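Residue-level listing of the chains:
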Amino acid sequence: MGTITKNAHKNGTVTFQVKCRRKGFPTQSKTFRERKDAERWERATERAFDLGELPTASKAPANGLYTLADVLRRYRDEVSPDHRGGALEQLKINVWLRQEFAKTPLDKLTTTVTAAWRDARLKEVKPGTVSREMNLLFGAINKARAEWGCPIPECKVARPKSPPHRDRVLTDEEQTVLLSAARMSVNEHLAPAIEFALATAMRAGEIIKLDWWDIDWKKSTCRVREAKNGTPRDVPLSTRALAVLNSLSRGKGRIFSGLTSDTLKHLFARLVKRCELDNFHFHDLRHTAITRYARAGLNPLKLAVISGHKDIRMLARYTHLKAEELVGEMG
């Protein structure tokens, strides 16, 4: 008889992993979201053992993983659920599983094969997207090679060259136009969210998830519980940030309850187009806020407290000071 193990993941999902073992055959393993499906697969696998329909141990690896698709499925079901953004990883893997590339046998997954996949993707999407996809792909491959005993050849494939970092900063005139138009939006939370981003340098996802109980009114800080780097942090709230919060109706739950990631994305894109702002994204508000605080004289360590950057080198990408702004300080 096979064994079924229930696994609870950090994102709240539950999966059921089945393992069927039979002497002379490789272990068969598969993960399901529903227990009834796991039990059905267990019965079918045991029957396949009885009828000799499965390859013997001499014809297959001991872990039952034969192709890249097998590795991707296991990674999707066992590893991705514990990642921030794991749902997006699972969606991407599901797309790959429908492609010919996923059928590649593990012992044929060479540098030449993966480089060809990379080059094909570069003809379809931007280099930054390909680089992120390669992180996911090689995360699964390395996991399979190091921990699952898969016979995958070592392959080093260069990442695409990243485009120059964005340095778009909102001017005072553009800000006036942007906020004036935002206040006319049918969504009452759009303008406050923009003002709050300019005052705190917080990311869109952090602002959207912010709850009223995350605000410490005595200390004038807010708690970001799910930061990009995985470490919660406290963000200082300026008088401008506090003014935005005081302009909203207090309640329970999310502060900007009228916004979701998709809603904010679409509303802001239409707003920028309506205001005729050239090449401006919501994340550029974070660049703008950090740059303005740097101009005000805050040193990198203080800026890092506001932005949440652990690496000062990463912070430099967001601080877009101009040479002429430093002339007066040089004597």
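Residues numbered from 1 in each chain as written. Predicted model: local features only at pLDDT ≥ 70, side-chain atom pairs only at ≥ 80, totals over all residues. Heavy atoms only, no water.

The subject of this paragraph is the sheet that holds strand 5 (residues 221-224). Overall, antiparallel pairing links the 3 strands, which are arranged 4-5-6 in an open sheet. Both outer strands of the open sheet, strand 4 (215-216) and strand 6 (233-236), are each paired with one neighbouring strand and no more. Pairing of strand 4 with strand 5 involves 2 bridges; the strand directions are antiparallel. From the neighbouring strand, D216 faces strand 5, where its bridge partner is T221. (Pairing = 2+ DSSP bridges. Helix = DSSP H or I, 4+ residues; strand = E, 2+ residues; numbered from the N terminus.)

A separate point is the side chain of T15. Along the chain, the position of T15 falls in strand 2 (residues 14-20). A residue is classified by how much of its surface remains accessible, and T15, at 4% relative accessible area, is buried. In this structure the side chain of T15 is engaged in a polar contact, spanning 2.8 Å, whose partner is the side chain of H9. (Buried < 20%, exposed > 50% of the residue type's maximum accessible area, 1.4 Å probe, protein only. Polar contact = N/O pair within 3.5 Å; in protein donor to acceptor, adjacent residues only side chain to side chain.)

Quick look at the pairing of strand 1 (residues 3-8) now. For strand 1 and strand 2, the ladder comprises 6 bridges, and the chain directions are antiparallel. Note on strand 2: the bridge partner recorded for T3 is K19. Between the end of strand 1 and the start of strand 2, which pair antiparallel, lie 5 residues, with G12 showing a positive phi angle near 95°.

This next bit is on the environment of R132. Note that R132 resides in helix 5 (residues 127-147). Take R132: its relative accessible area is 56%, and that puts it in the exposed class.

Right, let's get into the confidence of the model for the protein chain. Looking at the protein chain, the pLDDT average stands at 86 and 90% of residues meet or exceed 70. Per-residue pLDDT, averaged within each element of the protein chain, yields its smallest value for helix 13 (residues 312-316) (68) and its largest for helix 7 (residues 190-200) (96). (pLDDT = per-residue confidence, 0-100.)

Taken as a whole and assessed by the stated rule, the structure comprises 21 salt bridges. The residue E100 makes a salt bridge to K103 at a minimum N-O spacing of 3.5 Å. As far as burial versus exposure is concerned, E100 and K103 are alike and both exposed. With its nearest N and O atoms 3.6 Å apart, the salt bridge here joins E154 to R145. In the salt-bridge network here, residues are joined through shared partners; they are K92, R121, E124 and E133. (Salt bridge = Lys/Arg side-chain N within 4 Å of Asp/Glu carboxyl O.)

Let us look at the packing of aromatic side chains. A full pass over the atoms with the stated rule returns 7 aromatic pairs. Summarising the aromatic geometry, the rings of F32 and W41 are spaced 6.0 Å apart at their centres and angled 50° between planes, so their arrangement reads as tilted. Its relative accessible area of 15% is what places F32 among the buried residues. Among the aromatic side chains, those forming a connected cluster through ring pairs are W96, F101 and W117. Its guanidinium or amino end placed over the ring of W217, R250 lies 3.9 Å from that ring's centre, counting from NZ or CZ. (Phe/Tyr/Trp six-rings, centres within 6.5 Å; stacked < 30°, edge-to-face > 60°. Lys NZ or Arg CZ within 6 Å of the ring centre and 35° of its normal.)

Read across the open sheet, the 3 strands follow the order 1-2-3; overall the sheet is antiparallel. Two strands close off the open sheet at either side, each with one partner strand: strand 1 and strand 3 (28-32). Geometrically, the sheet is characterised by an average inter-axis angle of 20° between neighbouring strands, direction not taken into account. Across the sheet, helix 1 (residues 35-51) is in contact with strand 1, strand 2 and strand 3; its angle to strand 2 comes to roughly 10°. (Axes fitted to C-alpha atoms, helices over the stretch in contact; angles between N-to-C directions. Contact = heavy atoms within 4.5 Å.)

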